[in-house]
Amino acid sequence: MSGEFLKGYRALDLTGLSGQMAGRMLADLGMEVIKIEPPGGDPVRNLAPFITAANGARLSTAFAHLNAGKASKVVDLDSDAGRAAFGKLVQTADVVLESFQPGELDAKGLGYKDLAAINPGIVMASITCFGQTGPKKNLVANDLVALAESGFLYISGDPALAPCKPPETQAYYFASLFATAGVLAALYRRERTGQGDHVDSSMQETLGTQEHIVRLWANEKQILKRAGSQHGSVAPARIFPCRDGFVYLYVTRQHWKLFLSVWKDHPAVFDAPAWLNNVYRREHADELNPAVEAFLSTFTMAEITELLQEKGLPCVPVNTPMGFANDEHVQGRGFMAPVEHAGFGNTKQPAMPFVIDGARPAVGSVPLLDSWRDDGTKRAAPAAVKSTATSGNGPLNGMRIVSFDHVLAGPYGTTILAELGADVVKVESSKGGMDPFRFFGTGEDPNLSPRFLEFNRNKRSFTVNLKHPKGQGVLHDLVAKADAVLDNYSVDVVERIGLAYHQLCKVKPDIVNLRMPGLGTTGPKRHFSTVGVNITSFTGLTYMWNHPGNTHPPIGSQTVFPDYVSGVLCAIIIISGVLFRDRQKKGAFIDLAQSEATAFMIGANLMEAASSGINPEPIGNISVAIAPHNCYPCQGEDRWCVIAAENEQQWSALEKILGRGVVGSGRFKTNADRLQNRQVLDGIIAQWTESKDAFAVRDQLQKAGVPAGVVQTGEDLVNDPQLNDRGFIVAVDNPRLGRVVLPN
């Protein structure tokens with residue numbers, strides 16, 4: 001069944017770099033994805049870095065990562081004949097993916113309303129920086145601008161340096177994952193109504209849901225700031241040096257005494273009861289961390305990881321991409337998969353980060369340009385529209401999810417499902433198994449945590465005493481009425497409480513069951529204790545999330561990015577699994593490793609490492625393809641803007657604004673010149689911006705057509721007219737907490 005969840009559906013992929021992750025995801029889940037390319041082909045085919053075959057053939061790692069498994073059809077959408085040809089393809093398609101500027105397809109007669117007139121069941125997903133509506137919808141943007149305007153860039157990196165962009169194009173990737181979830185939800189409703197829909201995915205909004213950036217300012221007037229690798233709430237919880245590299249250690253209240261038992265010669269002061277408290281240890285991190293560092297530095301990465309993991313303590317090496325790709329656990333699970341690319345040959349690259357019924361979806365070849373041909377197979381006619389009315393409860397109305405989730409990865413995913421209309425029943429154990437997020441900063445009252453509310457809204461809560469003889473029976477009664485069951489427990493828990501897949505199938509044979517432990521349910525390290533921040537380190541993402549040369553130690557980000565990525569993938573897999581179940585009358589077991597979900601987000605870097613045998617190095621905010629492309633200081637404390645020039649027209653406009661010393665200079669005449677003299681150019685731009693207001697810089701450059709953005713804080717997001725216009729900032733009345741402002 002691997003890779004067949006969406007077999008029988010067809011998508012037309014019009015996206016550029018900013019949306020291609022969505023089509024890759026759908027293709028590996030079994031959908032036929034036809035990549036619509038302009039004459040001459042997709043520019044991403046020529047995007048560095050490249051790997052080179054023995055015969056001299058070159059392959060863009062970004063193109064391979066984002067387009068494996070798709071077909072290719074050249075269509076000129078600027079010609080009448082091309083638009084007519086595309087309209088004919090729409091007649092037998094289920095999905096259209098696009099990333100044009102808002103209104104651009106409408107001007108071509110190919111907007112959603114035009115396509116729905118051809119095929120009322122068509123589902124279109126639009127992936128843009130700011131969305132299809134609002135005062136910022138037409139700003140000139142790219143991945144760097146989206147990261148800045150979302151607030152995500154501001155909290156990433158070393159507090160002593162400029163904010164640091166994560167590797168590859170994470171704003172593009174993350175919004176594409178949300179678009180995929182939206183497409184699948186729309187297909188679920190279409191199966192019941194026959195009616196298509198238009199999914200609007202905003203990079204600013206999808207990233208703005210992370211790390212409580214909005215909630216902290218809106219409710220507590222706290223601006224979340226960069227903290228390097230140091231966790232905001234726990235200590236010791238950061239990157240520490242070892243004899244041969246670095247590890248990420250994470251110790252909470254439940255781990256503290258175990259950690260001291262391993263650290264036999266620890267200072268006696270740490271035995272005092274006060275040190276058991278998470279808040280106390282975090283407040284005294286400056287005293288604690290140097291002592292922990294002295295202890296850990298006597299071991300190799302492998303030695304201290306093994307020693308601490310034997311006690312269930314979350315400690316992992318800070319891997320390079322090569323270190324991750326070569327890890328025995330990663331290799332044993334087949335995540336780095338061999339693939340034969342047409343016109344290139346054999347290489348290895350990341351496969352999908354999940355295993356379905358014991359098999360991982362195979363990685364398909366990149367498409368040869370214009371190689372798709374209609375094989376004449378008659379496709380089913382689009383279903384007749386049964387009703388254009390909606391229940392008001394979202395596209396997943398009628399789907400029930402029973403979720404044994406806790407902390408963040410599972411709850412974030414089920415919140416997405418709940419907000420799309422699914423009935424999510426969150427199950428907790430009344431005897432010691434409550435979600436720890438209920439108690440973050442709230443004492444002992446399980447209903448007073450704003451952090452818990454943010455990622456568990458729109459769900460129903462259910463507690464059960466699993467130690468009671470009738471506890472399992474109660475759970476099985478719930479499962480019998482569910483479409484899917486998921487958990488993010490550690491590996492062995494579900495068997496003990498009667499929730500293993502084979503046990504669930506006895507209750508409901510066609511159940512869809514998703515498990516999402518840190519390193520997956522199989523492999524030699526499946527029992528490793530992990531959390532989001534050290535999963536980032538294990539995968540190579542932390543190593544790559546740095547300014548050039550800043551890897552001793554690597555800094556990365558304090559964000560728990562793996563939880564958010566895994567959460568969206570959770571929603572994608574659940575919906576696609578239920579679609580499969582509804583059509584094929586069969587259930588499935590899915591193993592989603594959060595480590596693989598995270599690693600998939602740096603797939604081009606991992607492919608480069610695995611194929612060349614050379615580790616890629618972090619590049620921070622710069623681009624290997626264009627200059628300028630960076631983050632620059634502005635007036636005020638820790639205020640920044642981002643600026644890029646992606647073509648000669650944009651450079652010409654920026655050059656005129658920068659003025660003397662730049663206009664007409666031979667050092668910056670061509671993009672190649674600008675790349676060669678990048679540091680000089682960045683210095684000139686920084687000198688121009690540092691005395692200016694960041695918003696004024698953005699507005700001036702945007703008016704001239706230059707991609708620019710403000711590195712926004714939580715306060716900026718709450719007051720952002722774009723987010724308020726689109727209803728992203730909402731107030732929720734909670735009976736215990738009162739009025740709470742949250743991102744929507």
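Coordinates for the structure precede this section.
Residues numbered from 1 in each chain as written. Predicted model: local features only at pLDDT ≥ 70, side-chain atom pairs only at ≥ 80, totals over all residues. Heavy atoms only, no water.

A. Structural view of unusual backbone geometry. Note that the residue after A235, namely P236, is joined by a cis bond; omega there is -5 degrees. When you line up the elements, P236 lands in the loop between helix 9 (213-220) and strand 9 (237-242). Residues H552 and P553 are joined by a peptide bond in cis, for which omega reads 0 degrees. With respect to the element layout, P553 can be found in the loop between helix 22 (541-544) and helix 23 (561-584). (Helix = DSSP H or I, 4+ residues; strand = E, 2+ residues; numbered from the N terminus.)

B. Representation of the packing of helix 26 (residues 648-658) against helix 28 (residues 678-689) within the structure. Packing of helix 26 against helix 28 brings their axes to within 11 Å, and their N-to-C directions diverge by 55 degrees. In terms of their interaxial angle, helix 26 and helix 28 are classed as oblique. For the pair helix 26 and helix 28, the crossing hand works out as left-handed. Packed against helix 26, whose contacting residues are W651, L654, I657 and L658, the element helix 28 presents L681, I685 and W688 at the interface. Per-class residue counts for the contact of helix 26 with helix 28 are 7 nonpolar, no polar and no charged. (Axes fitted to C-alpha atoms, helices over the stretch in contact; angles between N-to-C directions. Parallel < 35°, antiparallel > 145°, perpendicular 65-115°, else oblique. Left-handed = near helix turned anticlockwise from the far one by under 90°. Contact = heavy atoms within 4.5 Å. Nonpolar A, V, L, I, M, F, W, Y, C, P; charged D, E, K, R; others polar.)

C. The sheet that holds strand 19 (residues 512-515), seen in detail. Strands sit in the order 14-20-19-18-15-16-17 across an open sheet of 7 strands; the sheet is mixed. Of all strands in the sheet, those with a lone pairing partner are strand 14 (354-356) and strand 17 (460-464), marking the two edges. Strand-to-strand twist in this sheet, taken as the mean axis angle between neighbours without regard to direction, amounts to 20 degrees. Here strand 19 pairs with strand 20 (residues 588-592) via 4 bridges, running parallel. Looking across to strand 20, one finds that V512 is bridged to A588. (Pairing = 2+ DSSP bridges.)

D. Here's a closer look at the pattern of salt bridges. For the coordinates displayed, the defined rule picks out 39 salt bridges. For R726, the salt bridge is made with D200, and the minimal N-O distance between the two is 3.0 Å. Here R726 is found in the loop between helix 31 (721-725) and strand 24 (729-734), whereas its partner D200 is found in strand 8 (residues 197-202), with 526 residues between them in sequence. Take D200: its relative accessible area is 29%, and that puts it in the partly exposed class. Residue R243 is joined to E303 by a salt bridge in which the shortest nitrogen-to-oxygen separation is 3.7 Å. With R243 in the loop between strand 9 and strand 10 (245-250) and E303 in helix 13 (residues 301-309), the pair connects residues that are 60 residues apart, well separated along the chain. A relative accessible area of 37% means that E303 is categorised as partly exposed. Here the salt bridges share partners, and the residues they tie into one network are K136, E149, R698, D699 and D720. (Salt bridge = Lys/Arg side-chain N within 4 Å of Asp/Glu carboxyl O. Buried < 20%, exposed > 50% of the residue type's maximum accessible area, 1.4 Å probe, protein only.)

E. Structural view of the sheet that holds strand 10. Taken in spatial order, the 3 strands line up as 9-10-11 in an open sheet, and their pairing is antiparallel. Strand pairing shows two members of the sheet lacking a second neighbour, strand 9 and strand 11 (315-317), which therefore form its edges. Averaged over all pairs of adjacent strands, the angle between their axes in this sheet comes to 25 degrees, without regard to strand direction. Bridge analysis of strand 10 against strand 11 gives 3 bridges, and the strand direction is antiparallel. Each residue of the ladder has a partner; that of Y248, found in strand 11, is V316.

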